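Survey of secondary and tertiary structure
Single-letter residue listing:
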Amino acid sequence: MKKTLTGLKPSGELTLGSLIGAIKQMRDYQDNYNSYLFVPDLHAITVPQDPEELKARIRKNVGLYLACGIDPHKNTIYLQSENLYHANLSWVLECTTYMGEASRMTQYKDKTSKGENVSVGLFTYPILMAADILLYDADYVPVGIDQKQHVELARDIAIRFNKRFGATFNIPEPLIPPTGAKIMDLQEPTKKMSKSSENYKGTILLLDDPIQAKKKIMSAVTDSENLVKYDPINKPGISNLLTIYACLTDTKIEDVETKFQDYNYGSLKKEVALVVANTLTSIQQKYQEIISSNIIDEVLDAGRIKTTQEAATKLKEVYHKVGLER
Ligand code: AQP
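This one's a predicted model, so the numbers in the text were calculated from it and none came from an experiment.

Cut-offs applied
Residues numbered from 1 in each chain as written. Predicted model: local features only at pLDDT ≥ 70, side-chain atom pairs only at ≥ 80, totals over all residues. Heavy atoms only, no water. Salt bridge = Lys/Arg side-chain N within 4 Å of Asp/Glu carboxyl O. Helix = DSSP H or I, 4+ residues; strand = E, 2+ residues; numbered from the N terminus. Disulfide = S-S within 2.5 Å. Buried < 20%, exposed > 50% of the residue type's maximum accessible area, 1.4 Å probe, protein only. Near = heavy atom within 4 Å. Polar contact = N/O pair within 3.5 Å; in protein donor to acceptor, adjacent residues only side chain to side chain. Areas by Shrake-Rupley, 256 points an atom, 1.4 Å probe, with all protein chains shown as cover. Nonpolar A, V, L, I, M, F, W, Y, C, P; charged D, E, K, R; others polar. Contact = heavy atoms within 4.5 Å. Expected span 1.5 Å × (residues − 1).

**Focus on the pattern of salt bridges**
When the charged atoms of two side chains lie near each other, side chains of opposite charge can form a pair. Going through the model one piece at a time under the given rule, you end up with 18 salt bridges. Between Lys-192 and Asp-146 there is a salt bridge, and its shortest N-O distance comes to 2.8 Å. One end of the pair, Lys-192, is in the loop between strand 5 (173–175) and helix 9 (210–218); the other, Asp-146, is in the loop between strand 4 (140–142) and helix 8 (148–165), with 46 residues separating them in the sequence. Put simply, Lys-148 and Glu-152 hold a salt bridge, and the shortest N to O gap is 3.3 Å. Highlighted residues: Lys-148 and Glu-152, both in helix 8, separated by four residues, approximately one helical turn. What you see here is one network of salt bridges that share partners, running through Asp-137, Lys-314, Glu-317 and Lys-321.

Below, the structure is given as structure tokens:
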């Protein structure tokens, strides 16, 4: 069975974008793939985090994975920081990656272009991500479009390592959803909906009060044409709403466009708001049951034991190839 692997960093609360771009894909694939879903908490500290908030968010995110339909019997679920081999392999890979290729990563370039004083970790984190993927020989990495470049870097690193030291790593491929690869901010629809966004009204969190979420959809920025049409370049706001509806109802974007072609923007927003609120209500009901049980610790303990054994074997092979042994 082919292996899929992905993670959502606990740098903020999970959003509708996290659900549509990553969790939903893992849920859709879980019956047919050997699925690995982790919490990349080491990635979260590439930017400053409040320790207590981070700790709480790690549990919350695992609870949300499960509440969104990730089946712990079909997925290996684990916490990155509980498995020391990720950081070990990352170091070896950092030593085989060139400054030029790491400097080309657009997420890093975006953050530094704003003149922010960023950490070295933010620069090297795509290499840690390569280690996360290569450690388990993942075949596919379901990601939103913004992470495609990082999976390509992981491929380049693996190909180069294999050439230099002999076949060691499987070469992973990104899996980008045809619809919903980039859910946009509701207030600035040319920008990705992000969990660390400062604009409260632009982002829907999975634990938002469904009534508030409805209000956010109703006040989403659109355009003045009053024509419902899927056209992400010229009508990013409306296209984003159509995409959200299509993904949450598992409908083709063309069919959603046809369904709403005679609607005015207010009526379209009402329909989207209802689907979003229903999705959140269902997730939150399951989340409340999960958070008050022992399941999160059980799942993470099982994931830690399994992945630590697998990663130890892989790292031993890597150390042997590189000459790190007595
Ligand atoms: N808005 C989105 N639309 C589609 N996919 C998305 N993803 C995130 N936001 C959207 C996908 O979710 C996966 C996990 O991403 P992540 O949470 O580890 O990191 P990120 O992409 O940096 O997410 P954020 O929300 O933008 O975090 P911050 O604000 O902390 O930087 C990835 O596959 C991502 O593509």
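Back to the write-up after that little detour.
**Topic: the state of the cysteines**
Taken as a whole and judged by the stated rule, the model has zero disulfides. The thiol sulfur of Cys-247 is not disulfide-bonded, and the nearest other cysteine sulfur, from Cys-68, lies at 14 Å. On the accessibility criterion, Cys-247 (8% relative accessible area) is buried.

**Observations concerning the site of the ligand**
Taken together, the neighbourhood of the ligand is formed by 21 residues, with Ser-11, Asp-146, Ser-194, Lys-195 and Ser-196 sitting nearest. Here Ile-183 contributes a backbone N or O atom positioned 2.8 Å from a nitrogen atom of the ligand. The contact in question runs from a nitrogen atom of the ligand to an N or O atom on the backbone of Met-193, over 2.9 Å. Out of a free accessible area of 650 Å², the ligand has 96% covered by protein chains. For the shell around the ligand, the element with the most residues is helix 1 (residues 16–29), which contributes three residues. Its residues assigned to classes, the shell around the ligand shows six nonpolar, nine polar and six charged.

**Examining the side chain of Glu-101**
On the secondary structure map, Glu-101 appears in helix 5 (residues 99–103). Exposure remark for Glu-101: the relative accessible area of 9% places this residue in the buried category. Among the polar contacts made by the side chain of Glu-101, one reaches the side chain of Arg-160 at a distance of 2.3 Å. Contacts of Glu-101, omitting those with residues within four sequence positions, involve Thr-96, Leu-153, Asp-156 and Arg-160.

**Let's talk about helix 3 (residues 51–67)**
Taking 1.5 Å per residue as the helical rise, helix 3 with its 17 residues ought to reach 24 Å, and the 24 Å between its terminal C-alpha atoms agrees with that figure. By the burial criterion, the buried members of helix 3 are Leu-54, Arg-57, Ile-58, Asn-61, Val-62, Gly-63, Leu-64, Tyr-65, Leu-66 and Ala-67. For helix 3, the N-terminal capping position is held by Asp-50, with its side-chain oxygen 3.2 Å away from the main-chain nitrogen of Glu-52. Two residues or fewer after helix 3 comes Gly-69, characterised by a positive phi angle close to 105 degrees.

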